[in-house]
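Summary of structural features
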Amino acid sequence: MRYDLNLLPVFVALMEERNVTRAAERLGITQPALSNSLARLRTVMRDPLFIRERYGMQPTQKAEELAPVIAEALARLDEVVLGQQEFDPAQAKLLVTIAVNSYVEFVMVPAIVARLRELAPGIRLRLTPFATDLAETGVISGTTAMVLGRISDPPDNLVVQHVMDDSLACVVRADHPTVGKRMSKQQFEQLKHVNVLPAGRLRVGLAQTLARHGLRREVAVSVTHFLATPELVAATDYCATLPCLICRRLAGDTRLKIVPSPVELGTFPVEMAWHVRYRTDPVHMWLRGLVAEVAKEVSGG
């Protein structure tokens, strides 16, 4: 039997999107064209594959069984085809979508953009937010090139690479009335704190770490981005506990001073994840190498 390979991406899009409109938009085709492809798929597979229900298209048992087989087949084809292509970053002209959390956006993205401007000026970046839901970023479907942040419970079709670690320190105003070059555990607990609420695991990790060390923290104000902390800390007697690489950026602000945390709070990882189909894509491999180099430089590793 002859198979139309063009039908396989339609199956994958429907499997991941569970919605005809979104699947058609993702593939860049009309809804009637997608419906026609689905009808052909049903004929070939001798199964309805997807049943329309109130909240979208639900896969049949046969579709669930076919999904990993088809995904692996497409990934292997990509490896063979893309592996034959050459990539010249200086001549490339393309738009790359990367999902990042607020920490990565502050610490790594400026250096990534600067490196791209130097080596591949025709590559443009589009950033999309990364919180805790990997599916929302598009990386699981492969529409987003990669995600940078803290990766938890990745699905089997994602490859995860550790790129660096960071630790934590405290920030107070330079002329703080009670905090000198160091801070005691008692001082930490007596201060009021600025609590940063970045989306994702960093927030949970800090709270758990403080609790593990028996450190109490009276939160005076919570903000949603690291960039909000310098002005708040400079204008108050409050303290903020932040990643060290962010503290390094703030060290040039004469209104602030960085002091070690009263206890060792450990480290947290920064990771990069991408769809398995990009494993041997020359463009993606080059970009991954660039991100890893930037991470090594900014972390001093």
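Before any of the text, the structure's been laid out above.
Residues numbered from 1 in each chain as written. Predicted model: local features only at pLDDT ≥ 70, side-chain atom pairs only at ≥ 80, totals over all residues. Heavy atoms only, no water.

**Comments concerning the overall build of the protein**
Along the protein, the regular secondary structure elements total 12 helices and 11 strands. Taking the principal axes of its C-alpha atoms as reference, the protein extends roughly 80 × 45 × 30 Å. For the protein, with 301 residues in total, the buried portion stands at 45%. For the protein, the share of sequence-separated contacts (at least 6 apart) that also reach a separation of at least 24 residues comes to 76%. Carbon and sulfur atoms form 51% of the exposed surface of the protein, whose accessible area is close to 15900 Å². (Helix = DSSP H or I, 4+ residues; strand = E, 2+ residues; numbered from the N terminus. Buried < 20%, exposed > 50% of the residue type's maximum accessible area, 1.4 Å probe, protein only. Contact = heavy atoms within 4.5 Å. Areas by Shrake-Rupley, 256 points an atom, 1.4 Å probe, with all protein chains shown as cover.)

**Some words on the environment of Leu-290**
With respect to the helices and strands, the residue Leu-290 is situated in helix α12 (residues 282–299). Sequence spacing of Leu-290 and Arg-124 is 166 residues, and the spatial spacing of their C-alpha atoms is 14 Å. Sequence-distant contacts of Leu-290, defined by excluding residues within four places in its chain, comprise Ile-112, Arg-115, Leu-116 and Leu-119.

**Here's the deal with helix α1 (residues 7–17)**
Given 3.6 residues to a turn, an α-helix orients residues that are three or four positions apart in the same direction. For α1, the tally of buried residues reaches 9 of 11 residues, placing the bulk of the element in the interior. Among the residues of α1, those classed as buried are Leu-7, Leu-8, Val-10, Phe-11, Val-12, Ala-13, Leu-14, Met-15 and Glu-17. A positive backbone phi angle near 55° is found at Arg-18, which sits one or two residues after α1.

**Focus on unusual backbone geometry**
When glycine is set aside, most residues are seen to have a negative phi, and most peptide bonds are trans. One non-glycine residue, Arg-18, lies in positive phi territory at about 55°. You can see Arg-18 is positioned in the loop between α1 and α2 (20–27). Using a relative accessible area of 27% as the deciding quantity, one classes Arg-18 as partly exposed. Of note in the backbone geometry, Leu-49 takes a positive phi value of approximately 65° without being a glycine. Relative to the assigned elements, Leu-49 resides in the loop between α3 (31–45) and β1 (50–53). Note on Leu-49: relative accessible area 0%, which makes it buried.

**Quick look at the nonpolar core**
Ranked by internal contacts, the top residues of the largest apolar core, which has 57 residues, are Tyr-103, Val-107, Met-108, Leu-148, Met-164, Met-183 and Leu-242. Of all the elements, strand β6 (residues 158–173) adds the most residues to this core, at 7 residues. If we skip the residues at most four places from it in the chain, Leu-242 touches Ser-167, Leu-168, Ala-169, Val-171, Val-196, Phe-226, Thr-229, Cys-247 and Leu-250. Within the second largest apolar cluster, 23 residues are counted, among which are Val-12, Leu-14, Met-15 and Ile-70. (Core = buried A, V, L, I, M, F, W, Y, C linked by side-chain atoms within 4.5 Å.)

**With respect to the packing of helix α6 (residues 109–119) against α12**
The N-to-C vectors of α6 and α12 enclose an angle of 130°; their axes lie 10 Å apart at closest approach. As the angle between them shows, α6 and α12 are arranged oblique. Like other packed secondary-structure pairs, α6 and α12 cross with a definite hand, here right-handed. When α6 is examined against α12, the residues Ala-111, Ile-112, Arg-115, Leu-116 and Leu-119 are found in contact with a partner set consisting of Trp-286, Leu-287, Leu-290, Val-291, Glu-293, Val-294, Glu-297 and Val-298. Of the residues assigned to the contact of α6 with α12, the class counts are 10 nonpolar, no polar and 3 charged. (Axes fitted to C-alpha atoms, helices over the stretch in contact; angles between N-to-C directions. Parallel < 35°, antiparallel > 145°, perpendicular 65-115°, else oblique. Left-handed = near helix turned anticlockwise from the far one by under 90°. Nonpolar A, V, L, I, M, F, W, Y, C, P; charged D, E, K, R; others polar.)

**As for the pattern of salt bridges**
As enumerated under the stated definition, the model contains 9 salt bridges in all. With its nearest N and O atoms 2.5 Å apart, the salt bridge here joins Arg-173 to Asp-175. The buried category is assigned to Arg-173, whose relative accessible area is 18%. On the basis of relative accessibility, which here comes to 54%, the residue Asp-175 falls in the exposed class. Notably, a salt bridge pairs Asp-237 with Arg-173, separated by 2.6 Å at the nearest N-O pair. (Salt bridge = Lys/Arg side-chain N within 4 Å of Asp/Glu carboxyl O.)

**Notes on α6**
For α6, every residue scored as buried is listed here: Val-109, Ile-112, Arg-115 and Leu-116. Each buried residue of α6 sits inside an arc of 125° when the element is viewed along its axis, so together they form one side. Relative to its buried face, α6 has exposed residues pointing more than 90 degrees away, namely Arg-117 and Glu-118. Structurally, α6 contributes buried residues whose contacts are with β3 (94–100), α5 (102–107), β4 (123–129), β5 (146–149) and α12. (Arc of directions from axis to C-beta.)

**Examining the packing of α2 against α3**
Viewed as axis vectors pointing N to C, α2 and α3 meet at an angle of 100°, and their least axial separation amounts to 9 Å. Classified by the interaxial angle, the pair formed by α2 and α3 is roughly perpendicular. Seen from α2, the contacting residues are Val-20, Thr-21, Ala-23, Ala-24 and Leu-27; seen from α3, they are Gln-31, Leu-34 and Ser-35. Of the residues that constitute the contact of α2 with α3, the class distribution is 5 nonpolar, 3 polar and no charged.

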